[in-house]
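Topology and contacts: notes
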Amino acid sequence: MIKRRRADIAIIGAGMVGLAQAALLATRMPKLKIALLEAAAEIAPTTEGDYEARVVALTRASQSLLEEVGAWEAIAAQRLCPYTDMRVWDADGTGRIHFGCREIGEPNLGHIVENSVVVNALRDVVENLPNVELELGFRTEHWWRDCKLWNLQPRSEFPRLDDELPQMSEIVQAPLLIGADGARSQVRDQLQIETEDTDYQQQAIVTVVRTEKDHANTAWQSFLKTGPVAFLPLAGLGDLQHSAIVWSADDDLAQELLLLDDSAFALYLERATGGRLGTVECSRPRQSFPLRARHAQSYIGDGAVLVGDAAHNIHPLAGQGVNLGLRDVAVLAEEIQRGLKRNLPVGDPSTLKRYQRRRRADNMATLKAMSNFKSLFGEGALHWRWLRNTGLNMVDASPLLKKRIIMRAMAI
């Protein structure tokens, strides 16, 4: 027997972006019925007694979106760390720059929040929305083979239903499919959308450390020739001495760093920061993942659209990846709402094309900027070192230019 469920929109992927997309659509358009489908059998809870190594640096625009859907209050009640300053320097030279929230009259530059804190707050929101149905353990790799998921657009080129369906198949029928299933998106693959890929030949090593000195609600970032090291401040467990580490290290160095014991790795971190935060003590196991840039050549398919990492994946050195995904979420919701007001079907091609026009150029510009930064700070030649150090010091001496950079980074 084949079970059929109908929805106005099916979203694949219940990570941060997919949950935010479901919450925003359901909040703004309560008449829509949304199916949120996640391959994982469960969503990991927030660690009570220790910090998680994977964090996000949420901008003011991202905070506003989370406030609108009702997730921010729960995030703030649990734990987050507003950062008021950012200090960046070239470890191989004299260039440095300081960004401070006081320069633009704001209380902070953003918030460092653990991934699981945001995900669990959004999940609580979604589970209390009557027009969203969240299903975990949804086997997305079999969508079209056994019709676990089906898109019934009349013009669809997907295979037709036939007599070979398994007896217990389930069909989710929806005129619009949103792929929010990450950098290895199967929605993107099923739509046969090509990507432009760049392998940075680096690994991001993430962990949590405790430092001798307080982090002073400051994000510290040192640019080494082999990749940037960031200390991102954490708060909520009784002190200001914990930071999340993101070290984007060249592959060979990354392998060496992962083999070190905790004390040796901590010594490397002290040297990378020039001892600015005193001695360092590791408090969480190290994790790593390869760094690649990936940009879909199209964000839309027949009755389908990509958001977040499914559409674009960038270098983490500026912490903009999730924020770009949440901007996708906001713009797609705006365009769907605009289309419905014009009595267009929820997945009308003109709606999806407007979304793509508004988001692809912005994402492409950010992706190129991050790649250029990575290349510039990876150069060891004397003239390149002079150029980047001079550039950093010139920007630091220009309040107007710094203000523009901060406002752009905060998306305000």
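In what follows, the structure referred to is the one given above.
Below is a summary of the structure that appears in this document. (Residues numbered from 1 in each chain as written. Predicted model: local features only at pLDDT ≥ 70, side-chain atom pairs only at ≥ 80, totals over all residues. Heavy atoms only, no water.)

Here's the deal with unusual backbone geometry
Despite not being glycine, Q192 shows a phi value in the positive range, around 60°. Counting through the fold element by element, Q192 comes out in the loop between α6 (186-190) and β13 (195-211). Positive phi, normally seen in glycine, also occurs at N217, with a value near 50°. In this fold, N217 is placed in the loop between β13 and β14 (218-224). (Helix = DSSP H or I, 4+ residues; strand = E, 2+ residues; numbered from the N terminus.)

Description of empty space enclosed by the protein
Within this structure, the stated rule accounts for 3 cavities of 30 Å³ or more. Empty space within the largest cavity amounts to approximately 50 Å³. Its residues placed into classes, the lining of the largest cavity shows 4 nonpolar, no polar and 4 charged. (1 Å grid on protein atoms, 1.4 Å probe; cavity = no way out; pocket = protein on both sides within 12 Å on 5 of 7 lines; lining within 4 Å. Points joined across faces, edges and corners; volume = space filled by probe spheres on them. Nonpolar A, V, L, I, M, F, W, Y, C, P; charged D, E, K, R; others polar.)

Thoughts on the pairing of strand β2 (residues 9-12)
Of the two faces of β2, the one carrying I9 and I11 and the one carrying A10 and I12 are both buried. Strand direction decides the pairing type here: β2 and strand β3 (residues 34-38), joined by 4 bridges, are parallel. For I9, the partnering residue across the bridge sits in β3 and is I34. Remark: the β2/helix α1 (residues 16-28)/β3 crossover connection has right-handed handedness. Where β2 and strand β12 (residues 176-179) come together, 4 bridges link them in parallel fashion. Each residue of the ladder has a partner; that of I11, found in β12, is I178. (Buried < 20%, exposed > 50% of the residue type's maximum accessible area, 1.4 Å probe, protein only. Pairing = 2+ DSSP bridges. Right-handed = clockwise from strand over helix to strand, strands pointing away.)

Notes on the sheet that holds β2
Reading across from one edge, β9-β3-β2-β12-β20-β19 is the order of the 6 strands in this open sheet, with mixed pairing throughout. Single-partner strands in this sheet number two, and they are β9 (132-136) and β19 (300-301). Running at roughly 125° to β9, helix α4 (residues 115-127) makes contact with β3 and β9 of the sheet. (Contact = heavy atoms within 4.5 Å. Axes fitted to C-alpha atoms, helices over the stretch in contact; angles between N-to-C directions.)

Regarding the pattern of salt bridges
If you walk through the whole model with that rule in mind, you get 15 salt bridges. Residues R28 and E68 are paired through a salt bridge, measuring 2.8 Å at the closest nitrogen-oxygen approach. Here R28, found in helix α1, pairs with E68, found in helix α2 (residues 60-69); they are 40 residues apart in sequence, far enough to count as distant. Judged by its relative accessible area of 25%, R28 is partly exposed. Exposure remark for E68: the relative accessible area of 37% places this residue in the partly exposed category. Ionic pairing is found between R354 and E335, a salt bridge with its closest N-O pair at 2.7 Å. Here the residue R354 occupies a position in helix α10 (residues 349-378), and E335 occupies one in helix α9 (residues 321-341), the gap between them amounting to 19 residues. R354 gets classed as buried once you look at its relative accessible area, which sits at 11%. (Salt bridge = Lys/Arg side-chain N within 4 Å of Asp/Glu carboxyl O.)

Considerations on the side chain of D85
Looking at the element boundaries, D85 is found in strand β6 (residues 85-90). Side chain to side chain, D85 and T84 meet in a polar contact 2.6 Å long. In this structure the side chain of D85 is engaged in a polar contact, spanning 3.4 Å, whose partner is the side chain of R102. In this structure D85 touches H98, F99, G100, R102, L109, N217, T218 and A219, once residues within four positions along its chain are discounted. (Polar contact = N/O pair within 3.5 Å; in protein donor to acceptor, adjacent residues only side chain to side chain.)

Observations regarding the sheet that holds strand β8 (residues 110-114)
Overall, antiparallel pairing links the 3 strands, which are arranged β4-β8-β5 in an open sheet. At either margin of the open sheet sits one strand with a lone partner, and together these are β4 (55-58) and β5 (81-83). Neighbour-to-neighbour, the strand axes of the sheet open up by a mean angle of 25°, direction not taken into account. With 4 bridges connecting them, β4 and β8 associate as antiparallel partners. The residue of β8 that forms the bridge with V55 is E114.

Focus: the pairing of β14
Burial within β14 is extensive, with 7 of its 7 residues counted as buried. Residues T218, W220, S222 and L224 of β14 are buried on one face, and the alternating residues A219, Q221 and F223, pointing to the opposite face, are buried as well. Sheet topology places β6 next to β14; 6 bridges connect them, and they run parallel. From the neighbouring strand, D85 faces β14, where its bridge partner is T218. The pairing of β14 with strand β15 (residues 227-233) spans 5 bridges and is antiparallel. Pairing of S222 across the sheet is with V229, part of β15. Turn length for the β14-β15 hairpin, with the two strands adjacent in sequence and antiparallel, is 2 residues.

As far as function goes, none of this settles anything; it's purely spatial.
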